[in-house]
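Here is what each chain is made of, one letter per residue.
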Amino acid sequence: MGSLGPYQRKHKVAVVGSGNWGTAIAKIVAENTAANSDVFQEKVEMWVFEEDVEIPKTSQHYDPAQTSPQKLTEVINRIHENVKYLPGIPLPANLHASPSLEETVKDSTILVFNLPHQFIIKTCEQLKGKILPYARGISCIKGVDVSEEGINLFSETIGKTLGIYCGALSGANIANEVAQEKWSETSVAYDAPTLDSKAPTPQRSPNASQTDLVQFEHKDTSGQFSRVKLQALPSEYPPVDHAVLKTLFHRHYFHVRVVNDVAGVSISGALKNIVALAAGWVDGMGWGDNAKAAVMRVGLMEMVRFGEKFFGATIDTRTFTEESAGVADLITSCSGGRNFRCAKLSVERNQPIGEVEKSELNGQKLQGTLTSAEVNKFLKKQGIEDQFPLFTAVNRILEGKMSVADIPSHIER
Ligand SMILES: NC(=O)C1=CN([C@@H]2O[C@H](COP(=O)(O)OP(=O)(O)OC[C@H]3O[C@@H](n4cnc5c(N)ncnc54)[C@H](O)[C@@H]3O)[C@@H](O)[C@H]2O)C=CC1
Ligand SMILES: O=C(CO)COP(=O)(O)O
């Protein structure tokens, strides 16, 4: 592609995570860095939580002479396929798998985080001090960092842990469909940090240098904001803005809309997983599409209520209905997502969902079960479980304290 224009340096992009969605997003990013080599270095590093794998007999790469298991990173780099988490999908040759977190992120200016949410905090702890201080992040994680004490978006948790700004990517994106290049949309949320001198007067810091940026970050359930100082990206690099992020993620089969509402995009991606469990159970009961639509209606209402209550000052509730990350993701997840499919099977087989997850997903992870427990713990602590009857019902069913048959009467209360 063209020249660097006024910029002397190109962005180096790393993807932290290589599961089903992690690998699909790494494929997109590597395709785009190759197609836009004026802005990005072509080679993309992808961190793999290393494990031994066997190439299945059904794969064109199966070799009967290979009798012992092989390292997943070596397989990906040799045959350009993630045989365990995204089988059958050819990966670009400029995507390199690495078992080392430190090597993966070295010198990277854009970090894409894409792991099941239960692993992100530990992974970020290991990244502390290993990244460029002016790097920028995008979290593709669907989950929220909830404890009894408070809620953080994972973009915020990543940002705080690493001292960087982090946005979010979320949408109606079943990974296998996106990897097969079937058309879909997504939402990228990025509210670029501003020069401190441009900050609203009450928040302006008298001691800030021209290179300091500030970000106003949701603080806690009181709706307060904390002021976070960030290192500005050196002027040798193209600024990480909506245009650059669109160039990084948009493909002819993956249409990106970039918005500012990081909270709305993240919250809907996390909470729809709880609703998808209920949709799967209801479907497993054979109750039909009307019943599933009822669960989705109440679920969407609770998603919006949760967002307004705990992220009221920052969230744009139109995100829930107008962006891919909102109702579109709810619909696709309640049609063919893993949470939906495993919940449905658990009713049909009368088997705990955790057992279905182990037997059906080959190491992929459900996010709804854990998110349900985490959100419930938080709601209980706030004393407002009754304002979220569907979320509460899902948690009680997972805990074995309520049956799926009780959902209609419970959500009508
Ligand atoms: N799969 C999908 O269709 C989509 C998933 N997402 C979201 O993307 C995020 C990542 O999901 P997937 O890539 O699908 O993951 P996945 O469900 O395929 O999970 C497996 C991944 O977890 C890794 N892992 C296992 N133990 C680990 C450990 N102790 N530490 C670090 N990593 C470990 C595995 O190596 C593997 O890469 C989730 O939050 C998910 O909700 C979002 C859109 C679509
Ligand atoms: O987030 C998804 C689709 O947008 C995938 O959901 P599952 O994790 O339930 O498969």
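Visitor: Go over the domain arrangement of the protein, please, and point to the residues and values.
Guide: Here the domain parsing of the protein yields domain 1 (13–260) and domain 2 (265–411). Summarising the inter-unit geometry, the C-alpha centres of domain 1 and domain 2 are found 25 Å apart. Facing the 35 residues of domain 1 at the interface are 35 residues of domain 2. Taken together, both faces of the contact between domain 1 and domain 2 bury some 2,900 Å²; the carbon and sulfur share is 62%. Remark: the boundary between domain 1 and domain 2 carries 2 salt bridges. Residue Arg257 is joined to Glu323 by a salt bridge in which the shortest nitrogen-to-oxygen separation is 2.8 Å. At the surface where domain 1 touches domain 2, the tally comes to 9 residue pairs in polar contact (both at pLDDT 80 or more). Where the side of domain 1 that touches domain 2 is concerned, the elements lending two or more residues are strand 8 (144–146), strand 9 (151–153), helix 5 (154–162), strand 10 (165–170), strand 11 (184–189) and strand 15 (254–259). If one sorts the elements of the side of domain 1 that touches domain 2 by residue count, strand 11 sits on top with 4 residues. In the side of domain 1 that touches domain 2, the residues fall into 15 nonpolar, 14 polar and 6 charged.

Visitor: Residue-level account of the nonpolar core, with values.
Guide: Judged by nonpolar contacts, the single largest core of 127 residues is most densely connected at Ile25, Phe113, Phe249, Phe306 and Phe391. Among the domains, domain 1 (13–260) and domain 2 (265–411) are the pair contributing at least three residues each to this core. Discounting chain neighbours no more than four positions away, the residues touching Phe113 are Val16, Ile120, Cys124, Leu127, Gly137, Ile138, Ser139, Cys140, Ile141, Ile158, Leu162 and Cys166.

Visitor: Tell me about the site of ligand 1, and name the residues and values.
Guide: Ligand 1 sits among 24 residues. The nearest are Asn20, Ala175, Arg338, Lys365 and Gln367. For ligand 1, an oxygen atom lies 2.9 Å from a polar atom in the backbone of Asn20. Between ligand 1 and Asn114 there is a distance of 3.2 Å, counted from an oxygen atom to a side-chain nitrogen or oxygen. For ligand 1, the accessible surface in isolation is 840 Å², of which the surrounding protein chains cover 91%. If one sorts the elements of the shell around ligand 1 by residue count, helix 1 (residues 20–35) sits on top with 3 residues. Its residues assigned to classes, the shell around ligand 1 comprises 11 nonpolar, 9 polar and 4 charged. Mapping the shell around ligand 1 onto the domain boundaries places at least three of its residues in each of domain 1 (13–260) and domain 2 (265–411).

Visitor: Outline the packing of helix 12 (residues 338–349) against helix 13 (residues 353–360), listing residues and values.
Guide: Between helix 12 and helix 13, whose axes approach to 9 Å, the crossing angle comes to 115°. The chirality of how helix 12 crosses helix 13 is right-handed. On helix 13, the residues that touch Asn339, Cys342, Ala343, Leu345, Ser346 and Arg349 of helix 12 are Ile353, Val356, Glu357, Ser359 and Glu360. Counted by class, the contact of helix 12 with helix 13 contains 5 nonpolar, 3 polar and 3 charged residues.

Visitor: Tell me about the site of ligand 2, and name the residues and values.
Guide: In the vicinity of ligand 2, the residues found are Lys142, Gly171, Ala172, Asn173, Ile174, Lys272, Asp329, Thr332, Ser333, Gly337, Arg338 and Asn339. One of the backbone nitrogen or oxygen atoms of Asn173 is found 2.9 Å away from an oxygen atom of ligand 2. Burial of ligand 2 by the surrounding chains reaches 92%, relative to a free accessible area of 310 Å². Looking at the shell around ligand 2, the elements that each hand over two or more residues are helix 11 (324–336) and helix 12. Ranked by residue count, the leading element in the shell around ligand 2 is helix 11, at 3 residues. Partitioning the shell around ligand 2 into residue classes produces 2 nonpolar, 6 polar and 4 charged.

Visitor: I'd like a rundown of the environment of Ser403, residues and numbers included.
Guide: Here Ser403 shows up in the loop between helix 15 (389–398) and helix 16 (407–412). Taking C-alpha positions, Ser403 is 10.0 Å from Trp281, a pair spaced 122 residues apart along the chain.

Visitor: For unusual backbone geometry, give the residues involved together with the corresponding values.
Guide: Located in the positive-phi region is Asp107, a residue other than glycine, with phi close to 65°. Here Asp107 lies in the loop between helix 3 (101–105) and strand 6 (110–113). Non-glycine residue Glu181 carries a positive phi angle of around 65°. Turning to its location among the elements, Glu181 is positioned in the loop between helix 6 (175–179) and strand 11.

Visitor: Account for the sheet that holds strand 1 (residues 13–16), naming residues and giving values.
Guide: Spatially, 8 strands are ordered 5-2-1-6-7-10-11-15 in an open sheet, and the strand pairing comes out mixed. Whereas interior strands pair on both sides, the edge strands pair on one side only; in this sheet they are strand 5 (95–98) and strand 15. Each strand axis lies, on average, 25° off the axis of its neighbour in the sheet, ignoring direction. Relative to strand 2 (residues 44–47), strand 1 runs parallel, the two sharing 3 bridges. In the strand pairing of strand 2, Ala14 is matched with Glu45. Sheet strands in contact with helix 5 are strand 6, strand 7 (136–139) and strand 10, and its direction is about 155° off that of strand 10. The strands touched by helix 7 (residues 242–249) within the sheet are strand 1, strand 6, strand 7, strand 10, strand 11 and strand 15, with strand 15 carrying the most contacts at an inclination of about 160°.

Visitor: Can you explain helix 14 (residues 368–382)? Please cite residues and give values.
Guide: For helix 14, built from 15 residues, the straight-helix expectation of 21 Å at 1.5 Å per residue is met to within 8% by its first-to-last C-alpha distance of 21 Å. Inspection of helix 14 places Gly368, Thr369, Thr371, Ser372, Glu374, Val375, Asn376, Phe378 and Leu379 among the buried residues, and these make up the whole buried set.

Visitor: Describe in detail the side chain of Thr104, supporting the description with residues and values.
Guide: Inspection of the secondary structure puts Thr104 in helix 3. A relative accessible area of 0% means that Thr104 is categorised as buried. Residue contacts for Thr104: discarding those within four places in its chain leaves Lys12, Ala14, Val15, Glu45, Met46, Trp47 and Ser98.

Conventions used here
- Residues numbered from 1 in each chain as written.
- Chains lettered and ligands numbered in written order.
- Predicted model: local features only at pLDDT ≥ 70, side-chain atom pairs only at ≥ 80, totals over all residues.
- Heavy atoms only, no water.
- Domains from an automatic or database assignment.
- Contact = heavy atoms within 4.5 Å.
- Buried area = accessible area lost by both parts, 1.4 Å probe.
- Salt bridge = Lys/Arg side-chain N within 4 Å of Asp/Glu carboxyl O.
- Polar contact = N/O pair within 3.5 Å; in protein donor to acceptor, adjacent residues only side chain to side chain.
- Helix = DSSP H or I, 4+ residues; strand = E, 2+ residues; numbered from the N terminus.
- Nonpolar A, V, L, I, M, F, W, Y, C, P; charged D, E, K, R; others polar.
- Core = buried A, V, L, I, M, F, W, Y, C linked by side-chain atoms within 4.5 Å.
- Buried < 20%, exposed > 50% of the residue type's maximum accessible area, 1.4 Å probe, protein only.
- Near = heavy atom within 4 Å.
- Areas by Shrake-Rupley, 256 points an atom, 1.4 Å probe, with all protein chains shown as cover.
- Axes fitted to C-alpha atoms, helices over the stretch in contact; angles between N-to-C directions.
- Left-handed = near helix turned anticlockwise from the far one by under 90°.
- Pairing = 2+ DSSP bridges.
- Expected span 1.5 Å × (residues − 1).

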